[in-house]
Amino acid sequence: MSSIIDSLKRVQQQIVQTAVQCERNPDSIQLLAVSKTKPVNAVIEAADAGQRAFGENYGQEGVEKIRAVRSLRPDLKLEWHFIGPVQSNKTRPIAENFDWVHAVDRERIAKRLSDQRPEGMKPINICLQVNISGEASKSGVAPEEVLSLAKAVSEYPNVKLRGLMAIPEPEMDPVKQHEPFKAMKALFNLLKENGFGVDTLSMGMSADMVPAIQEGATIVRIGTAIFGVRDYANR
Ligand SMILES: *Cc1c(COP(=O)(O)O)cnc(C)c1O
């Protein structure tokens, strides 16, 4: 077995095991394989092992990969998630090629994605990125502004608000790792209480997948633990 298939199986098992331990249905947690910087054949290898959803961070790289996979393997029905920061002048290729965008943090991005979504395609699924660790430099909407942003983006016909996403500050202390995920779950519940039909809490990466699942993640975004370390130190 290749190392990608091995690693994929190991991550899947860890999701099931964690879910069972905290009395959640393992099927309520979707594994998003983060393939940024990784080659087309790595995606195809994971897809042939049953992986369906893939995450990309960079617009051009992502679009090229989507096209290459489609032309090499038109039989594969994959779901593509854009998980990187979205610049408002670079929304069009995302709106035209992706099924999901995880890091919407202002109304303008939602408006552009909606305007640029091609006719005949389903509305693009979006999550609002929340700046849950509260650092000044990080992207994401402030927790106290989540409700008003949710209201604003819900006005646009070609985007569908699915839920919330966060990238908490790296935290080594296993107890403290839970805090931002708990806070995200509370915000997610707040949206539901306010009548938003949300079903997605996108949180947890290779280093903090377990506490994220324990606190209610419905999508975990896993790169390194499936595909190995990335080639670029800053990616
Ligand atoms: C790169 C990335 C991931 C995957 O991170 P790993 O630590 O490699 O699992 C998840 N989410 C986002 C937003 C990323 O940029």
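This structure is a prediction, so every number in the text was calculated from the model and none was measured.

1. A short note on the environment of lysine 138
Phase 1 of the analysis: Structurally, lysine 138 can be placed in the loop between β5 (124–129) and α6 (146–153).
Phase 2 of the analysis: A relative accessible area of 30% places lysine 138 in the partly exposed class.
Phase 3 of the analysis: Along the sequence, lysine 138 and leucine 164 sit 26 residues apart, while their C-alpha atoms lie 16 Å from each other.
Phase 4 of the analysis: In contact with lysine 138, other than residues within four places in its own chain, are Asn131, Ile167 and Glu169.

2. Thoughts on the packing of α6 against helix α7 (residues 178–193)
Phase 1 of the analysis: Close contact between α6 and α7 brings their axes to 10 Å; oriented N to C, the two are set at 50 degrees. One finds that α6 runs oblique with respect to α7. Considering the relative orientation of α6 and α7, their crossing is right-handed. On α7, the residues touching Val146, Leu147 and Ala150 of α6 are Leu187, Leu190 and Leu191.
Phase 2 of the analysis: Here the residues of the contact of α6 with α7 sort into six nonpolar, no polar and no charged.

3. Examining the nonpolar core
Phase 1 of the analysis: Phe54, Val101, Leu113, Ile126, Leu164, Val220 and Ile226 are the most contacted members of the largest nonpolar core, which has 62 residues in total.
Phase 2 of the analysis: Once residues lying within four places of it in the same chain are set aside, the contact partners of isoleucine 226 are Ser3, Ile4, Ser7, Leu8, Val11, Leu31 and Ala33.
Phase 3 of the analysis: Core analysis: the second largest hydrophobic core is formed by nine residues, Ala53, Ala103, Met165 and Ile219 among them.

4. Comments concerning the site of the ligand
Phase 1 of the analysis: The environment of the ligand is formed by 13 residues, the closest being Lys36, Asn57, Ser206, Thr224 and Arg230.
Phase 2 of the analysis: Within the side chain of threonine 224, one N or O atom sits 2.5 Å away from an oxygen atom of the ligand.
Phase 3 of the analysis: One of the side-chain nitrogen or oxygen atoms of arginine 230 is found 2.7 Å away from an oxygen atom of the ligand.
Phase 4 of the analysis: Computed on the free molecule, the ligand has an accessible area of 390 Å², of which 90% lies beneath the protein chains in the complex.
Phase 5 of the analysis: In this structure, the ligand is accommodated by the largest pocket.
Phase 6 of the analysis: In terms of residue class, the shell around the ligand is made up of six nonpolar, four polar and three charged.

5. Section: the layout of surface pockets
Phase 1 of the analysis: As a volume, the largest pocket reaches approximately 750 Å³.
Phase 2 of the analysis: Listed by contribution, the elements that provide at least two residues to the lining of the largest pocket are α7 and β8 (219–222).
Phase 3 of the analysis: Among the elements that take part in the lining of the largest pocket, α7 stands out by supplying three residues, more than any other.
Phase 4 of the analysis: Considering only residue class, the lining of the largest pocket consists of 15 nonpolar, 10 polar and nine charged.

6. Details of α7
Phase 1 of the analysis: Compared with the 22 Å implied by 1.5 Å per residue over 16 residues, the 23 Å span of α7 between its first and last C-alpha is a close match.
Phase 2 of the analysis: Elements in contact with the buried residues of α7: α6, β6 (159–165), β7 (200–202) and α8 (209–214).
Phase 3 of the analysis: Directly beyond the C-terminal end of α7, a positive phi value near 90 degrees is found at glycine 195.

7. Thoughts on the pairing of strand β3 (residues 79–82)
Phase 1 of the analysis: By the bridge criterion, four bridges tie strand β2 (residues 53–56) to β3 in an arrangement that is parallel. Along β3, the bridge assignment pairs alanine 53 with glutamate 79.
Phase 2 of the analysis: The handedness of the β2 to β3 crossover, carried by helix α3 (residues 59–72), is right-handed.
Phase 3 of the analysis: Note: β3 against strand β4 (residues 100–104), two bridges, orientation parallel. Bridge pairing in β4 links phenylalanine 82 to valine 101.
Phase 4 of the analysis: Each parallel crossover has a hand, and for β3 linked through helix α4 (residues 92–97) to β4 it is right-handed.

8. Section: the pattern of salt bridges
Phase 1 of the analysis: Scanning all chains against the criterion turns up nine salt bridges.
Phase 2 of the analysis: Here arginine 162 ties to aspartate 199 by a salt bridge, and the two come within 3.0 Å at their closest N and O atoms. Residue arginine 162 is found in strand β6, and its partner aspartate 199 is found in the loop between α7 and β7; the two are separated by 37 residues along the sequence.
Phase 3 of the analysis: Classification of aspartate 199 by relative accessible area gives partly exposed; the value is 39%.
Phase 4 of the analysis: Lysine 182 is the partner of glutamate 215 in a salt bridge, and the nearest nitrogen-oxygen pair spans 3.5 Å. Of this pair, glutamate 215 sits in the loop between α8 and β8 while lysine 182 sits in helix α7, and the two are 33 residues apart along the sequence.

What counts, and at which threshold
- Position labels on residues start from 1 in each chain and follow its written sequence.
- Whole-chain, interface and lining totals are the exception, using all residues; otherwise, since this is a predicted model, local features are given only for residues with pLDDT of at least 70 and side-chain atom pairs are given and counted only at 80 or more.
- Think of the side-chain values as coming from all heavy atoms in the structure, minus any hydrogens and water.
- Secondary structure is summarised from DSSP: a helix means a run of H or I of at least four residues, a strand means a run of E of at least two, and numbering begins at the N terminus for each.
- Summary of the burial criterion: residues with accessible area below 20% of their type's maximum are buried, those above 50% are exposed, and those between are partly exposed, where the area comes from a 1.4 Å probe applied to protein chains only.
- Any two residues whose heavy atoms approach within 4.5 Å are treated as being in contact.
- Interaxial angles span 0 to 180 degrees and are taken between N-to-C directions of axes, which are lines fitted to C-alpha atoms, for helices over the stretch in contact.
- Should an angle lie under 35 degrees it is considered roughly parallel, over 145 roughly antiparallel, and from 65 to 115 roughly perpendicular; all remaining angles are considered oblique.
- Two helices that cross are described as forming a left-handed crossing if the nearer one is turned anticlockwise from the farther one by less than a right angle, and a right-handed crossing if clockwise.
- Charged residues are taken to be Asp, Glu, Lys and Arg, nonpolar residues to be Ala, Val, Leu, Ile, Met, Phe, Trp, Tyr, Cys and Pro, and polar residues to be all remaining types, Gly included.
- Note on terminology: a nonpolar core comprises buried Ala, Val, Leu, Ile, Met, Phe, Trp, Tyr and Cys residues joined through side-chain atoms within 4.5 Å.
- Note on definitions. A residue lies near a molecule or strand when any single heavy atom of the residue is within 4 Å of it.
- Throughout this description, a polar contact denotes any pair of N or O atoms lying within 3.5 Å of each other; where both atoms belong to protein, one of them has to be capable of donating a hydrogen while the other can accept it, and for residues adjacent in sequence the pair is counted only when both atoms sit in side chains.
- To be clear on the numbers: accessible area is Shrake-Rupley with a 1.4 Å probe, and residue cover counts the displayed protein chains and nothing else.
- Think of a 1 Å grid over the protein atoms and nothing else: a 1.4 Å probe that fits but is trapped marks a cavity, an open set flanked by protein within 12 Å on at least five of seven lines marks a pocket, and residues with an atom within 4 Å of a point count as lining.
- If over half the atoms of a molecule are within 2 Å of the grid points of a cavity or pocket, the molecule is regarded as sitting in it.
- Grid points are joined across faces, edges and corners, and a volume is the space filled by probe spheres set on the points.
- Multiplying 1.5 Å by the helix residue count minus one yields the expected span of that helix.
- By the convention used here, strands pair only if DSSP detects at least 2 bridges between them.
- When the strands point away from the viewer and the connection leading from the first strand across the helix to the second strand turns clockwise, the crossover is called right-handed.
- The working definition used for a salt bridge is a side-chain nitrogen of Lys or Arg within 4 Å of a carboxyl oxygen of Asp or Glu.

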